[in-house]
Amino acid sequence: MATKYLVTNAPYLRSADHGRSTHTVMRDLLIGLSPVILFAIFKNVIMVFIKGTYVSVLQAIYPLITLIVGPLTSALIEMLCLFIMKRKEITKFSDLLEEVKNGFGFFPGLFIVLISPVYINMWVLIVSIAVGEVVGKMLFGGFGQNIFNPAIIGRAFMAFSFSNLIGVSCFDPSMNSYLNAYEASVVDAVAGATPLIRYSTLTDVSYVGAVEPFGNLLDFFLGTIPGCLGETSFLACLIGCIYLSVRKVIDYKVPLIYVSVVFLNTLVAGLFMGQGIWYPTFQILSGGLMFGAVYMATEPVTSPKTNLGRAMNAMMLGVLTVLFRLVGNNPEGVATAIVTMNIFGLVINRYVVRVRVDGKLDKNEIPGLVIFLSIFVLIFIYNIIMIV
Amino acid sequence: MKIRRLPVLHIEGYKEQSITTAPKEFLKPEHVYIPTLLPSPMDVKVEVGDHVLLGEVIMESRGRFPYPVLSPISGTVTGKVKKWYPSNKMSDMLEITNDFKEETVDTFKNLDPENMTREELVEIMKKSGLVGQGGAGFPAYVKYSTTEKVDMVIINLAECEPFITCDYTCVLYNAQLFIYGFRYLLKAADCNQGIIAIKNKDINAKVIDYLTPLLDSNMRIELLEDVYPAGWERYTVETISHKTYKALPIEAGVIVSNASTCYSFARMLKEGIPPTVKYLTITGDAVKNSGNVLAKIGSPILEIVELFGGLKEGHNPENTHIIAGGPMTGKSMFFPDFITTQTLGAVIFLENKNKDKKQLECLGCGRCAERCPSFLTPVEIKKELAVGNIEELKKLNVTKCIQCGLCSFVCPSRIDLTYSVGKAKEMVLRLGRK
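All figures in this text were calculated on a predicted structure; none of them were measured in a lab. (Residues numbered from 1 in each chain as written. Chains lettered and ligands numbered in written order. Predicted model: local features only at pLDDT ≥ 70, side-chain atom pairs only at ≥ 80, totals over all residues.)

### What to know about the overall build of chain A
No. 1: The helix and strand inventory of chain A stands at 18 helices and zero strands.
No. 2: Computed over its C-alpha atoms, the radius of gyration of chain A comes to 22 Å, within 12% of the 21 Å expected for a compact globule of 388 residues.
No. 3: For chain A, the C-alpha atoms occupy an extent of roughly 85 × 60 × 35 Å along the three principal directions.
No. 4: Across the 388 residues that make up chain A, the buried fraction comes to 52%.
No. 5: Long-range pairs, those at least 24 residues apart, make up 70% of the contacts in chain A between residues at least 6 apart in sequence. (Helix = DSSP H or I, 4+ residues; strand = E, 2+ residues; numbered from the N terminus. Rg over C-alpha atoms; globule rule 2.2 N^0.38 Å. Buried ≥ 20, exposed ≤ 12 C-beta atoms within 10 Å, placed from the backbone. Contact = placed C-beta atoms within 7 Å.)

### A word on the interface of chain B and chain A
No. 1: With 51 residues of chain B at the interface, the matching set in chain A holds 37 residues.
No. 2: Of all the elements in the fold, those that place two or more residues in the side of chain B that touches chain A are strand 15 (320–324), strand 16 (331–332), helix 9 (367–371), helix 10 (378–387), helix 12 (406–410) and helix 13 (417–433) of chain B.
No. 3: Per element, the largest residue contribution to the side of chain B that touches chain A is four residues, and it comes from strand 15 of chain B.
No. 4: A breakdown of the residues in the side of chain B that touches chain A according to their chemical character gives 23 nonpolar, 17 polar and eleven charged. (Nonpolar A, V, L, I, M, F, W, Y, C, P; charged D, E, K, R; others polar.)

### Topic: the environment of isoleucine 250 of chain A
Residue and element names in this part refer to chain A.
No. 1: Position of isoleucine 250 among the secondary structure elements: in the loop between helix 12 (234–246) and helix 13 (253–272).
No. 2: Judged by the 27 C-beta atoms lying within 10 Å of it, isoleucine 250 falls in the buried class.
No. 3: Along the chain, isoleucine 250 and threonine 298 lie 48 residues apart, while their C-alpha atoms are 6.0 Å from each other.
No. 4: Each residue touching isoleucine 250, except ones within four places of it in the same chain, is listed here: Leu244, Ser245, Val294 and Thr298.

### Quick word on the pairing of strand 15 of chain B
Residues and elements named next belong to chain B.
No. 1: With respect to burial, strand 15 is a largely interior element, five of its five residues being buried.
No. 2: Residue alternation in strand 15 divides its side chains into two sets, Thr320, Ile322 and Ala324 and His321 and Ile323, and both sets are buried.
No. 3: In terms of strand pairing, strand 15 meets strand 17 (residues 346–351) through five bridges, oriented antiparallel. Residue pairing in the sheet places isoleucine 322 in a bridge with phenylalanine 349 of strand 17.
No. 4: One ladder, built from two bridges, connects strand 15 with strand 16; its direction is antiparallel. (Pairing = 2+ DSSP bridges.)

### Here's the deal with the packing of helix 4 (residues 175–188) of chain B against helix 7 (residues 259–271) of chain B
How two helices sit against one another is set out by the angle between their axes and by the gap between those axes.
Residue and element names in this part refer to chain B.
No. 1: Viewed as axis vectors pointing N to C, helix 4 and helix 7 meet at an angle of 90 degrees, and their least axial separation amounts to 8 Å. Here helix 4 is positioned roughly perpendicular relative to helix 7, judged by the angle of their axes. Counted together, Leu177, Phe178, Tyr180, Gly181, Phe182, Tyr184 and Leu185 of helix 4 and Ala259, Cys262, Tyr263, Phe265, Ala266, Arg267, Leu269 and Lys270 of helix 7 form the full contact between these two elements.
No. 2: Across the contact of helix 4 with helix 7, the residue classes break down as twelve nonpolar, one polar and two charged. (Axes fitted to C-alpha atoms, helices over the stretch in contact; angles between N-to-C directions. Parallel < 35°, antiparallel > 145°, perpendicular 65-115°, else oblique.)

### Describing helix 12 of chain A
All names here are of chain A.
No. 1: Between its first and last C-alpha atoms helix 12 spans 18 Å; for 13 residues at 1.5 Å apiece the expected length is 18 Å, and the two agree.
No. 2: Every buried residue of helix 12 is accounted for by Phe234, Ala236, Cys237, Gly240, Cys241 and Leu244. For helix 12, the buried positions fall inside an angular range of 160 degrees around the axis, keeping them on one side.
No. 3: Turning to helix 12, the residues buried within the fold contact helix 1 (22–51), helix 11 (217–222), helix 13, helix 14 (278–285) and helix 15 (289–296). (Expected span 1.5 Å × (residues − 1). Arc of directions from axis to C-beta.)

### Some details on the packing of helix 16 (residues 307–327) of chain A against helix 18 (residues 366–387) of chain A
All names here are of chain A.
No. 1: Contact pair helix 16 / helix 18: the axes reach a minimum separation of 10 Å and the direction vectors enclose 25 degrees. Considering their axes alone, helix 16 and helix 18 lie roughly parallel with respect to each other. Considering only the axes of helix 16 and helix 18, their crossing is left-handed. Listed contacts from helix 18 to Met312, Met315, Met316, Val319, Leu320, Val322, Leu323, Leu326 and Val327 of helix 16 are Phe372, Phe376, Ile379, Phe380, Asn383, Met386 and Ile387.
No. 2: Across the contact of helix 16 with helix 18, the residue classes tally to 15 nonpolar, one polar and no charged. (Left-handed = near helix turned anticlockwise from the far one by under 90°.)

### With respect to the domain arrangement of chain A
Residue and element names in this part refer to chain A.
No. 1: Split into domains, chain A comes out as domain 1 (22–166) and domain 2 (192–225 + 250–387).
No. 2: Centre-to-centre separation of domain 1 and domain 2, based on C-alpha positions: 25 Å.
No. 3: Taken together, the contacts link 15 residues of domain 1 with 15 residues of domain 2.
No. 4: The greatest single-element share of the side of domain 1 that touches domain 2, amounting to five residues, is contributed by helix 6 (residues 150–161).
No. 5: For the side of domain 1 that touches domain 2, the per-class residue count stands at ten nonpolar, three polar and two charged. (Domains from an automatic or database assignment.)

### Let's talk about the pairing of strand 13 (residues 277–284) of chain B
All names here are of chain B.
No. 1: In terms of burial, strand 13 is largely enclosed, as eight of its eight residues are buried.
No. 2: Every second residue of strand 13 is oriented toward a common face, with Val277, Tyr279, Thr281 and Thr283 on one face and Lys278, Leu280, Ile282 and Gly284 on the other, all of them buried.
No. 3: Count of turn residues in the strand 13/strand 14 (residues 291–296) antiparallel hairpin: six residues.
No. 4: Where strand 13 and strand 17 come together, four bridges link them in parallel fashion. Each bridged residue has a counterpart across the sheet, and for threonine 283 the counterpart in strand 17 is isoleucine 348.

### Concerning the sheet that holds strand 12 (residues 254–258) of chain B
All names here are of chain B.
No. 1: Read from one edge of the open sheet, four strands run 11-10-9-12, paired in parallel fashion. Edge positions in the sheet fall to strand 11 (219–224) and strand 12, since each of these pairs with one other strand and no more. Strand-to-strand twist across the sheet, computed as the mean angle between neighbouring axes with direction ignored, equals 25 degrees.
No. 2: As paired strands, strand 9 (residues 152–156) and strand 10 (residues 194–199) are joined by four bridges and run parallel to one another. For isoleucine 154, the partnering residue across the bridge sits in strand 10 and is isoleucine 195.
No. 3: Contacts between helix 7 and the sheet are confined to strand 9 and strand 12, with strand 12 contributing the most and set at about 80 degrees to the helix.

### Examining the domain arrangement of chain B
Residue and element names in this part refer to chain B.
No. 1: Looking at chain B, the domain boundaries give domain 1 (107–271) and domain 2 (367–433).
No. 2: Computed from C-alpha coordinates alone, the two centres of domain 1 and domain 2 are separated by 31 Å.
No. 3: Taken together, the four residues of domain 1 in the interface contact four residues of domain 2.
No. 4: By residue class, the composition of the side of domain 1 that touches domain 2 is four nonpolar, no polar and no charged.

### So, the environment of threonine 8 of chain A
Residues and elements named next belong to chain A.
No. 1: Tracing the backbone shows threonine 8 in the segment before helix 1.
No. 2: On the basis of neighbour count, threonine 8 is assigned to the exposed category, with 12 C-beta atoms found within 10 Å.
No. 3: Sequence separation between threonine 8 and methionine 386 is 378 residues; the distance between their C-alpha atoms is 60 Å.

### Details of unusual backbone geometry
All names here are of chain B.
No. 1: With an omega of -5 degrees, the peptide bond between tyrosine 228 and proline 229 qualifies as cis.
No. 2: Of note, histidine 242 is a non-glycine position whose phi angle comes to about 60 degrees, a positive value.
No. 3: Its place among the elements puts histidine 242 in the loop between helix 6 (233–241) and strand 12.
No. 4: For histidine 242, a count of 11 C-beta atoms within 10 Å translates into the label exposed.

Here you go:
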């Protein structure tokens, strides 16, 4: 009998074979992260060397070490988990490597390093990455199955479990881990290392109290302020955002809506408090908002799958961030908001799927939309009342 | 009225390779094979040993809209054999051996369409067993015997799948006959507005130039965007008539016919030959030459491929698809010894260099939902199918799927979404019938 020809399911053309595979998406994500990584290295390693204020070379290059150790740790842990989970299917070491390659295991570690303090204790970092990777990703079944963003799970674990260690430099217990060696020599007089930590301790909101200790708003925009390793530069995140949007890796509408909602909400609250335009600008430029909006809120696995769903998710993220950050007085507002919306995103996803049928709103879906909008407006107004 | 915009995508055409040479002819096959079980079970009217004329009714389909199947050649019924049908299924087939006399039945001779009434035109369409040659194979007379008022007849010349150029060739080399047929299709629909829908792309400029001077005053050419699936009936009707419809285009006062159908109709009226031939594109990496061929229905593909120099030596069957139909919606075949039908437009021998690449987990990018022209969410449907949740599948409107293949096409993780949605659709339809 003649040889059978190859039979598979239609279609026989796949864009994945022509430069749009998941691997290229992930490579683009890495390229999109590079402005942030390069800026982090520039600010925390090169600047420190230039100013020469470091105690030891190890301290100066410590951010570089974490940037290497973090991704490696998470990839190794993923390999271990995959080996345990799939040991019946995996017979050769190359199979395991293939699985790891298809699981993109180094990303959670990289993200956790970028949203951690500059001089974080190495063991705290490794344990957090392990928890994020195992609890946030592998327990759900690995890549594509996770409900929560694994990086934020790891970071949240770090914040809750090592709250006394997280703010302390691993080189000098008297120093703050958020300040690099150069910043520590300049801004040590400031109470509260990062703008948001300082802001959360302020009793009286004013430009002089919130912004001036760290320079001006341009410094906030460029990122030459203390903060987590990769989060400080709005500009670097913006460049990454543009690249990723052009390459269609992320939906630009998500960061746009997210940041706009935070801006609007704090603008109205600020106006009631008699603050100028600096107040909402300060809020969107500080902390991990832009980083979270560009790289975490858009993470496809944990976002809704439809355009409307993503837009709803981003709107909710905006008001929740304000709620947690300003009303709840928690500098980690962005991370908390994203984890919260990972859960409610499922609800939105489930429900918007049906909104999309026929491309128009179904009558049955209107009550749900109304509920969503009322919750949104309620939180928006509640935020304003509570802040004022 | 502002119309919603259906999500579509530009797809590379790969059409140039099959239109560089004039179409060949394959009108004298030794044997033809007519399936008795597919696409639907048939009542066979002839016995083995009978002599049949070209155009003699040899089978009648059962079902809601019965249509006759005519013999494409004159000759003798020599047996029943099993052969492959272009849906990758085996079917019993009648083998007819050619006597090369081309004796034709009288039914279609000396027709005078100018003096025929609408009813007579539809009647002759029914007798000829003409089915829509775009792919669905719906009997043409059913559309034209409507009692609704028909606002426009659209000839679908979009040919939106990559590689296929059979409709293009058919119209390019038979422009006058095509317009002649269109004139009487309009008469059969009692309609005064005829539209030829064609994609706005460079290679189509030639066809448009040929057709423009030939058009009657009640015909015009409408350009469609160069996107996939522009040839989908709903897309064509909604972009041209600016009306939406639920199930059939006639609800919007539109009849859509494929260009090849129109050509077959014209040949019957002018030359007295019932629809027994079809233009076919043979192309792909594994065949020596690419091109189009006018072939008798029921001819074996292997003999047609010989006209194009046969298959390349050294091609590896395990890495090659034989696609019956377009690369987006067609079926891949186990063996190349299948036959042509009225609805088969192309056979593509496509090498697949990526067959070993694994499907990854869903990344959740949502591209499948973004691109679905029926506004479905394939990824959710796949999940619900895995747990067999029929109620949820119904809510997700799986029956609206048109199997265009875009969701699998855009998926960066190579997930077979189209297949899953198709399965889900089948499942819901099957339970609905019970």
